Amino acid sequence: MKIKDLRDSFVSSLSGIYDSEEVLSLFYMLTEEILELRRVDVAIHLNKKLSAEEKKKFDKAVKRLKDHEPVQYIIGKADFYGVTFRVTPHVLIPRPETEELVDWIINDQANAKDSISILDIGTGSGCIAISLAKNLPKAKVYAIDVSAEAINVAKENASKNEVDVTFVLTDILNTEELFLKFDIIVSNPPYVRELEKNEMKANVLDNEPPQALFVSDDAPLIFYKKITQLARKKLKENGVLYFEINQYLGEETKSMIEAKGYTTVIVRKDMYNNDRMIKASVN
Ligand code: GLN
C-alpha cells in the first residue's frame, strides 16, 4: 500500500469520529512516529510503499483511535512547554492550562537571584517539575506522587530531558508534615467532581487515570485543604503556593486558602477565560 492510499483509508475510517482537521493531524502524528516522516516529508513521499510491519502498526492505531484512545497514549508521547514527555495510561496527559501555570511561576522567578527549592505535589508525568527545573536552572526541584508507576514515568522524563529532580513516592493525604521547607509549592491535584463527569469526553473518561482526575462531590477541595495546611508550616518566609484549580470552584478555593491564613490570594483565568490558577502567599 502507498502512503497516499493509507492516508485516504485513514481519513475514511475516522472521519465519523473526529473532525477533518483533527483526522489529518492524527495521521501526521502517526506518520512521524511510525514512518519517521514529518508532515512536510509525507507530501513528497506519497507514492512510497509501506512495509507490512508499518501497515500493521497503522491498523492497530486506527483501531485504538476508533475506541477514543488519546493519540498521546498510542504514540507514548505528549508535548508540554516546548519539550516532549513520555506518557502512559498511568499518568494524565499534560494539558495546555497547566503550561499556563508553569509559565506564571517561571515569569515570577525571572529576576530571582538566589537558588530556590520547589516541591510539585502529584507530579504525574513530571511535566510541571521538569519544566520548572529546565527553565529555572538554579532551583532544586522535588516532586511527589502516590503512584509508583507515575514516579517511574516521571523519572524517565527527567533523565530524557536532562534535569535533576528528586522524586519521592508519597501519599499526600496521609502526610503529617512535609520533609523540607520550600520557596515554592505547586500542585495540580485531582479536582474534577463526579457530577462533572457528564461534561467529559470519552477519550478522557475511559482512558486517563481516574485517581489523577476525580474527587468526591462532597469534598472537592480535599487535596487543596491538605496541601494548604501542610504548606503553611513548610513554606519559607516569602514562599508562594501555586495551584491549578477547578474552574467552577475559584471563589470557594480562594476563601478556603484565605481562611487558612494566607493574606494574598490571586485567582487567574486560563486562555478559555475559566478560573484555573491560584497563587497564594502570606505577606
Ligand atoms: N484539567 C483536567 C481535565 O479537565 C483535570 C486535571 C485535574 O483533575 N487535575 O481533564
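(A) Here's a closer look at the overall build of the chain. Of regular secondary structure, the chain possesses 11 helices and 11 strands. Taken over C-alpha atoms, the radius of gyration comes to 21 Å for the chain, in line with the 19 Å a tight globule of 283 residues would show. Taking the principal axes of its C-alpha atoms as reference, the chain extends roughly 65 × 40 × 30 Å. Relative to its full complement of 283 residues, the chain shows a buried share of 49%. Considering only intrachain contacts with a sequence separation of at least 6, the fraction spanning at least 24 residues in the chain is 65%. Of the roughly 14,200 Å² that the chain leaves accessible, carbon and sulfur atoms contribute 47%. Distance between charge centroids for the chain: 3 Å, based on 39 positive and 45 negative side chains.

(B) Focus on the site of the ligand. Near the ligand, the surroundings consist of Leu 92, Arg 95, Glu 97, Asn 188, Pro 189, Pro 190, Tyr 191, Val 192, Met 200, Ala 212, Leu 213 and Glu 244. One of the side-chain N or O atoms of Arg 95 is found 2.6 Å from an oxygen atom in the ligand. At 2.9 Å, a side-chain N or O of Tyr 191 approaches a nitrogen atom of the ligand. Expressed as a share of its isolated accessible area of 300 Å², the protein-covered part of the ligand is 88%. In a pocket analysis with a 2 Å cut-off to the grid points, the ligand is assigned to the largest pocket. Residue composition of the shell around the ligand, grouped by class: 8 nonpolar, 1 polar and 3 charged.

(C) A look at the environment of Ser 131. Here Ser 131 is to be found in helix H7 (residues 127-135). Considered as a pair, Ser 131 and Asp 206 are 75 residues apart in the sequence and their alpha carbons are 28 Å apart. Not counting residues within four places of it along the chain, the set of residues in contact with Ser 131 comprises Phe 80, Tyr 81, Phe 85, Val 102 and Ile 106. One polar contact links the side chain of Ser 131 to the main-chain carbonyl oxygen of Cys 127, over a distance of 2.5 Å.

(D) Expanded view of the packing of helix H10 (residues 222-234) against helix H11 (residues 250-259). Remark: H10 packs on H11, axes separated minimally by 10 Å, with the N-to-C direction vectors making an angle of 25°. Taken together, H10 and H11 sit at an angle that is classed as roughly parallel. Between H10 and H11 lies a crossing whose hand is right-handed. Side by side, H10 and H11 meet where Tyr 224, Lys 225 and Thr 228 of the first sit next to Thr 253, Met 256 and Ile 257 of the second. Residues belonging to the contact of H10 with H11 are distributed by class as follows: 3 nonpolar, 2 polar and 1 charged.

(E) Region of interest: the nonpolar core. Ranked by size, the top nonpolar core spans 32 residues in total, and within it Ile 185 and Leu 241 carry the most contacts. Elements represented by at least two residues in this core include exactly strand S3 (117-121), strand S4 (140-145), strand S6 (182-187), strand S8 (214-215), H10, strand S9 (235-244), H11 and strand S11 (275-281). Here this core takes 5 residues from H10, the largest share from any one element. Setting aside its immediate chain neighbours within four residues, Ile 185 contacts Leu 119, Ile 121, Leu 178, Ile 227, Ala 231, Lys 234, Leu 235, Val 240, Leu 241 and Tyr 242. Counting residues in each nonpolar core, the second largest holds 31 residues, with Ile 118, Cys 127, Ala 139 and Val 141 among its members.

(F) Up close: the packing of aromatic side chains. This structure, assessed with the given rule, holds 9 aromatic pairs. Between Phe 80 and Phe 85 the ring centres are 6.0 Å apart and the planes differ by 80°, which places this aromatic pair in the edge-to-face class. A ring pair is formed by Tyr 142 and Phe 179, whose centres lie 5.7 Å apart and whose planes are at 65°; its orientation type is edge-to-face. With Tyr 142 in strand S4 and Phe 179 in the loop between strand S5 (165-169) and S6, this pair connects stretches of sequence that are 37 residues apart. Judged by relative accessible area, which is 14%, Tyr 142 ranks as buried. Taken together, Phe 10, Phe 27, Tyr 28 and Phe 58 form an aromatic cluster joined through their ring pairs. Over the ring of Tyr 142 we find Lys 140, and its NZ or CZ is 4.9 Å from the ring centre. The ring of Trp 104 has Arg 268 sitting right over it, with the charged end atom 4.1 Å from the ring centre.

Conventions used here
- Residues numbered from 1 in each chain as written.
- Predicted model: local features only at pLDDT ≥ 70, side-chain atom pairs only at ≥ 80, totals over all residues.
- Heavy atoms only, no water.
- Helix = DSSP H or I, 4+ residues; strand = E, 2+ residues; numbered from the N terminus.
- Rg over C-alpha atoms; globule rule 2.2 N^0.38 Å.
- Buried < 20%, exposed > 50% of the residue type's maximum accessible area, 1.4 Å probe, protein only.
- Contact = heavy atoms within 4.5 Å.
- Areas by Shrake-Rupley, 256 points an atom, 1.4 Å probe, with all protein chains shown as cover.
- Lys, Arg positive; Asp, Glu negative; His and termini not counted.
- Charge placed at Lys NZ, Arg CZ, Asp CG, Glu CD.
- Near = heavy atom within 4 Å.
- Polar contact = N/O pair within 3.5 Å; in protein donor to acceptor, adjacent residues only side chain to side chain.
- 1 Å grid on protein atoms, 1.4 Å probe; cavity = no way out; pocket = protein on both sides within 12 Å on 5 of 7 lines; lining within 4 Å.
- Sits in = over half its atoms within 2 Å of the grid points.
- Nonpolar A, V, L, I, M, F, W, Y, C, P; charged D, E, K, R; others polar.
- Axes fitted to C-alpha atoms, helices over the stretch in contact; angles between N-to-C directions.
- Parallel < 35°, antiparallel > 145°, perpendicular 65-115°, else oblique.
- Left-handed = near helix turned anticlockwise from the far one by under 90°.
- Core = buried A, V, L, I, M, F, W, Y, C linked by side-chain atoms within 4.5 Å.
- Phe/Tyr/Trp six-rings, centres within 6.5 Å; stacked < 30°, edge-to-face > 60°.
- Lys NZ or Arg CZ within 6 Å of the ring centre and 35° of its normal.

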